[in-house]
Amino acid sequence: MEWIQQLVNGISLGSIYALIALGYTMVYGIIKLINFAHGEVFMIGAFIGYISIAGWGLGFFPALLISMVSCAVIGVVIERIAYKRLRNATRIAALITAIGVSLLIQNGVIYFRGAQPAAYPQVFANKSFNFFGAQISTQAILILSVSVGLMLVLQFIVHKTKIGKAMRAVSYDAEAAKLMGINVDNTISATFAIGSALAGAAGVIFGIYYTKIDPLMGVIPGLKAFVAAVLGGIGIIPGAVAGGLVLGVVETVVSALGFSLWRDAAAFIILILILIFKPSGIFGKNIREKV
């Protein structure tokens, strides 16, 4: 019965990784950029949620919505200021810029707020109920429900809306999309906005789940979400979800077996193995390129 409980905990944790990984994979699918500042957007989302709940006295869902909207705006600002002029530059230039933006946001938050951690207030009574002998917390169920709901909304946007069709067209061929009348710049900004909104939601959920947040909290979850995106097949939305869930379950199992010190290392061991044996990821396919 303990394994059922650990499995639910692993899926709840994996859903947080999946929400962050979706931002990585969407941006990469559109402009082939690894946005390493995405982890810091996740961190900002956690702090905006904290201010909304602890400072303004709002509930979980209003705080979640405010965090998502704020992070969407921040994501667009980052794209317009830092990345837009580098679209025709080398990939290494864009990558270095992303790392620079990440460090700028980290140190900016530390400068204006301080480096001390903050404790998330308890929004829900963390009760547990018996499920075939396993004690499943209502908090884990809430996190999983919100995450799945956001993923379903994303699927609807990508496959059923006009902006979603534009995103898929730009991902397939940006030049052809431009010739068909699609505004590529606005489509890329919309992609950053949606990915950043999901990262903001993940930040609030992470704060509720772990209770402690700090200005450097985006580094490790951001890297793990990147591993999840690569594991599932970077650029593929279902792959990011699957990679996040697998990673969360693996980490929980490693901790349950008594190897909690290897918990963070497990993610990067998986990254090394996937790059050696299947670099395209679980859902990825090897594509031939003309030279």
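As a starting point, this report considers the structure included with it.

About the cut-offs
Residues numbered from 1 in each chain as written. Predicted model: local features only at pLDDT ≥ 70, side-chain atom pairs only at ≥ 80, totals over all residues. Heavy atoms only, no water. Axes fitted to C-alpha atoms, helices over the stretch in contact; angles between N-to-C directions. Helix = DSSP H or I, 4+ residues; strand = E, 2+ residues; numbered from the N terminus. Left-handed = near helix turned anticlockwise from the far one by under 90°. Contact = heavy atoms within 4.5 Å. Nonpolar A, V, L, I, M, F, W, Y, C, P; charged D, E, K, R; others polar. Patch = residues over 30% accessible without salt bridge, like charges linked within 9 Å, V, L, I, M, F, W, Y side chains within 5 Å. Areas by Shrake-Rupley, 256 points an atom, 1.4 Å probe, with all protein chains shown as cover. Salt bridge = Lys/Arg side-chain N within 4 Å of Asp/Glu carboxyl O. Buried < 20%, exposed > 50% of the residue type's maximum accessible area, 1.4 Å probe, protein only.

## Details of the packing of helix α2 (residues 38–55) against helix α3 (residues 60–83)
And step 1. Running from N to C, α2 and α3 cross one another at 145°; their axes reach a closest spacing of 9 Å. Here the hand of the crossing between α2 and α3 comes out right-handed. Note on element contacts: α3 touches α2 through A63, I66, S67, S70, C71, I74 and I78, opposite V41, I44, G45, I48, G49, S52 and I53.
And step 2. Looking at side-chain class alone, the contact of α2 with α3 contains nine nonpolar, five polar and no charged residues.

## Here's the deal with a nonpolar patch on the surface
And step 1. Together, W3, L257, F259, L261, W262, I269, I272, L273, I276 and F277 give the surface a local cluster of nonpolar side chains, amounting to about 1200 Å² of exposed area.
And step 2. Tallying contributions element by element places helix α11 (residues 263–277) first for the nonpolar patch, with five residues.
And step 3. Secondary-structure assignment places F259 in the loop between α10 (237–256) and α11.

## A few points about the pattern of salt bridges
And step 1. A full pass over the atoms with the stated rule returns seven salt bridges.
And step 2. A salt bridge links R80 to E79; the shortest N-O distance between them is 3.4 Å.
And step 3. Assessed through its relative accessible area of 34%, R80 is described here as partly exposed.
And step 4. Classification of E79 by relative accessible area gives buried; the value is 0%.

On their own, these measurements won't tell you what the molecule is for.
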